[in-house]
Amino acid sequence: MTTILSIQSSVAYGHVGNSAATFPLMRSGVEVWPVLTVHFSNHTGYGEWRGPLLAAADVAEVIRGIDDRGVLPRVDAVLSGYQGAEEVGAVVLDAVELVKERSPRAIYCCDPVMGDVGRGFFVRPGIPEFMRDQVVPKAQIVTPNHFELDFLTGRETHTLDEVIEAAHALRAVGPETVLVTSVVTDTTENDSLTMLAVTGEGAWQVTTPRLDRTFTGSGDLTAAMFLAHWLRTQSAAQAVGATADVVYSVLKQTADSGLPELQLVAAQDEIVAPTYHFDVHQVR
C-alpha cells in the first residue's frame, strides 16, 4: 500500500490543499495521512473566511505524534503545498528529514505555491525566496506552474525550449523531476493548456483543452495525482499522462455542474477511470 504524508492547508467547505488532495489520493488507492497547517471555513479566494492558522509548533507536534506510533517507515512520500509562513515551511523540512531517516526510500514532492500569471504573488513577502532557497532544493519532485518556474529560476520563458531549459536549471539545484503544471508559450493556442514533465531522461508534454473558468484547488489536485501516479509507475511520462486525464475529466465535470468548487465527490469515478484521454508526446 502506497502511503503519503500530506502536510497542507484544509478547508471545511470546498476543496483546496489537503481538502483537494486527500480524497482523490484515497480514491486512487493511496493511504494518506493528512497533517493540517490551517483549518479554514473556506478558501481565501472568497475574501472572507474563518478558522485558525495552526502554529508551527502544533503542526510539529502532530508529526511527532505520528512518529510515536512507529509508522513513519511505511511512508513512501511527503507532499506539501501552500506554506503560509516560514516557520511552517521549516516544520515541513524537518518532517521530510525525519521521514527519510525512518524510511530512506521516501521522496519529497513540493508544490511551490506562490503565485500565478495575471495575479502575481499571493503569498506574504519572504515566502517566495524561502521556497526558492530552502524548500525546493530539498525536493525530489516539484510541481510549479509557469509563473512559479520563472521565479524559481530567475528567467522569463516564452518558448517550449526555454521552459524545458528552465526546468533543467531547476533540476540542477536538487529536484530530479519537474512538472510544469500550466505551460503557456508564445505559440500556445488560446483554447489549450499544456503540462510538461522534465527529468534527466527527457521531457514530455500533454495538451488539453482550456476550460473557460478558474478552478481553485486544481493545482493541489494536480500535484497529488502526479505524485500518486509517479509512485505507482516510477515514470514521469506515464504520470503526466495519467494526471492530465484525471484532472481534465474532473474539471470538465465541475465546469458542467456550474458549481464554484471542485466536484470531487460527484466526479470521483473520473479519478480511477477518466472519461477523457490525451496523448503524451516526448519533446526532448
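Everything that follows concerns the structure shown earlier in this document.
Within each chain, residue numbers correspond to sequence positions counted from 1 in written order. Restriction of local features to residues with pLDDT of at least 70 applies here, the model being predicted, together with a cutoff of 80 or more for giving and counting side-chain atom pairs; totals for whole chains, interfaces and linings are based on all residues. Remark: hydrogens and water are excluded; side-chain values derive from all non-hydrogen atoms of the structure.

Asker: How should the overall build of the protein be read in this particular structure?
Answerer: Put simply, DSSP H or I for four residues or longer makes a helix, DSSP E for two residues or longer makes a strand, and each gets a number counted from the N terminus. Scanning the protein from terminus to terminus reveals nine helices and eleven strands. Compactness check: the protein gives a C-alpha radius of gyration of 17 Å against a globular reference of 19 Å for 284 residues, within 12% of the reference. Once the C-alpha set of the protein is aligned to its principal axes, its extents read approximately 50 × 40 × 40 Å. By residue count, 55% of the 284 residues in the protein fall in the buried class. As a reference, a globule follows 2.2 Å times the number of residues to the power 0.38, and the radius of gyration itself is taken over C-alpha atoms. Burial classification: accessible surface area is computed with a 1.4 Å probe over protein chains only, and a residue below 20% of its type maximum counts as buried, one above 50% as exposed, and the rest as partly exposed.

Asker: Looking at this structure, how should I read the side chain of Asp245?
Answerer: Along the polypeptide, Asp245 turns up in helix α8 (residues 236–257). Of the side chains bearing the opposite charge, Arg232 lies closest to the buried Asp245, which forms no salt bridge; the N-O distance is 12 Å. At 2.9 Å, the side chain of Asp245 and the backbone nitrogen of Phe278 are in polar contact. Contacts are assigned to residue pairs with any non-hydrogen atoms lying within 4.5 Å of each other. Sequence-distant contacts of Asp245, defined by excluding residues within four places in its chain, comprise Pro274, Tyr276, His277 and Phe278. Residues scored as charged are limited to Lys and Arg (positive) and Asp and Glu (negative), so that His and the chain ends carry no count. Here a salt bridge means any side-chain nitrogen of Lys or Arg lying within 4 Å of a carboxyl oxygen belonging to Asp or Glu. Within 3.5 Å is the distance limit for a polar contact, defined as a pair of N or O atoms, with the added protein rule that one can donate a hydrogen and the other accept it, and that residues adjacent in sequence qualify only through two side-chain atoms.

Asker: Sorry if this is basic, but what is going on with the sheet that holds strand β9 (residues 192–199) here?
Answerer: Two strands in a sheet stick together by hydrogen bonds in their backbones, pointing the same way (parallel) or opposite ways (antiparallel). With respect to topology, nine strands assemble into an open sheet ordered β2-β1-β3-β4-β7-β8-β9-β10-β11, the strand pairing being mixed. Every other strand in the sheet has two partners, leaving β2 (31–40) and β11 (281–282) as the edge strands with one partner each. With two bridges connecting them, strand β10 (residues 202–209) and β11 associate as antiparallel partners. Bridge pairing links Gln205 to His281 in β11. Convention adopted: a line fitted to C-alpha atoms gives each axis, helices being fitted over their contacting stretch, and angles between N-to-C directions are expressed from 0 to 180 degrees. Packed on one face of the sheet, helix α2 (residues 56–68) meets β1 (3–11) and β2 and runs near 160° to β2. Note: two strands are recorded as paired if DSSP finds a minimum of 2 bridges between them.

Asker: What's the story with the pairing of β9 in this structure? I'm lost.
Answerer: Look at any regular strand and the pattern is simple: side chains alternate between the two faces of the sheet. Most of β9 is tucked away: seven of the eight residues are buried. Where strand β8 (residues 177–183) meets β9, four bridges bridge the pair, whose relative direction is antiparallel. Note on β9: the bridge partner recorded for Val180 is Leu196. In this structure, the hairpin formed by β9 and β10 is closed by a connection of two residues.

Asker: Please clarify how the packing of aromatic side chains should be interpreted in this entry.
Answerer: What characterises a pair of aromatic rings is the spacing of the ring centres plus the angle enclosed by the ring planes. Note on ring pairs: Phe, Tyr and Trp rings are taken, using the six-membered ring of Trp, and paired if centres are within 6.5 Å. Classes follow the plane angle, with under 30 degrees stacked, over 60 edge-to-face and the rest tilted. Counting across every chain of the model gives six aromatic pairs. Taken together, a centroid distance of 5.1 Å and an interplanar angle of 70° make the contact between Phe121 and Phe147 edge-to-face. Placement of the pair is Phe121 in strand β6 (residues 120–121) and Phe147 in helix α5 (residues 146–153), with a sequence separation of 26 residues. Ring plane angle 85° and centroid distance 5.2 Å describe the contact between Tyr248 and Phe278, whose orientation is recorded as edge-to-face. With Tyr248 in helix α8 and Phe278 in the loop between α9 (268–272) and β11, the pair connects residues that are 30 residues apart, well separated along the chain.

Asker: Where do I start with the pairing of strand β3 (residues 77–80) in this structure?
Answerer: Residue alternation in β3 divides its side chains into two sets, Ala77 and Leu79 and Val78 and Ser80, and both sets are buried. Across four bridges, β1 lies against β3 in parallel orientation. Looking across to β3, one finds that Leu5 is bridged to Val78. Here four bridges tie β3 to strand β4 (residues 107–110), and the two strands are oriented parallel to one another. Pairing of Leu79 across the sheet is with Cys109, part of β4. Handedness of the crossover is the feature at issue here: the chain leaves β3, passes through helix α3 (residues 86–102), returns alongside β4, and the resulting connection is right-handed. By definition, the crossover connecting two strands over a helix is right-handed if that path, from the first strand to the second, turns clockwise as seen with the strands pointing away from the viewer.

Asker: When you look at the packing of helix α7 (residues 218–233) against α8 in this model, what are you seeing that I'm missing?
Answerer: Packing of α7 against α8 leaves a shortest axis separation of 8 Å and a crossing angle of 145°. Between α7 and α8 the crossing geometry is right-handed. Within the contact between the two elements, α7 uses Ser218, Leu221, Thr222, Met225, Phe226, His229, Trp230 and Thr233 and α8 uses Ala236, Gln238, Ala239, Val240, Ala242, Thr243, Val246, Val247, Val250 and Leu251. Each residue gets one of three labels, nonpolar for Ala, Val, Leu, Ile, Met, Phe, Trp, Tyr, Cys and Pro, charged for Asp, Glu, Lys and Arg, and polar for the others, Gly among them. Split by residue class, the contact of α7 with α8 holds twelve nonpolar, six polar and no charged. Here is the rule for handedness: rotate from the far helix to the near one, and if that takes an anticlockwise turn smaller than a right angle the crossing is left-handed, while a clockwise turn gives right-handed.

Asker: Which parts of the structure should I look at to understand the nonpolar core?
Answerer: Nonpolar side chains in soluble globular proteins tend to be buried together. Put simply, buried Ala, Val, Leu, Ile, Met, Phe, Trp, Tyr and Cys residues joined by side-chain atoms within 4.5 Å make one nonpolar core. Judged by nonpolar contacts, the single largest core of 47 residues is most densely connected at Leu5, Ile7, Ile63, Tyr108 and Leu196. With eight residues, the single largest contributor to this core is α3. With residues up to four places along the chain from it excluded, the contact list for Tyr108 reads Val78, Ser80, Gln83, Val92, Leu93, Val96, Lys100, Val135, Lys138, Ala139, Gln140 and Ile141. Formed by 41 residues, the second largest nonpolar core is a distinct cluster that contains Ile107, Ala224, Leu227 and Ala239.

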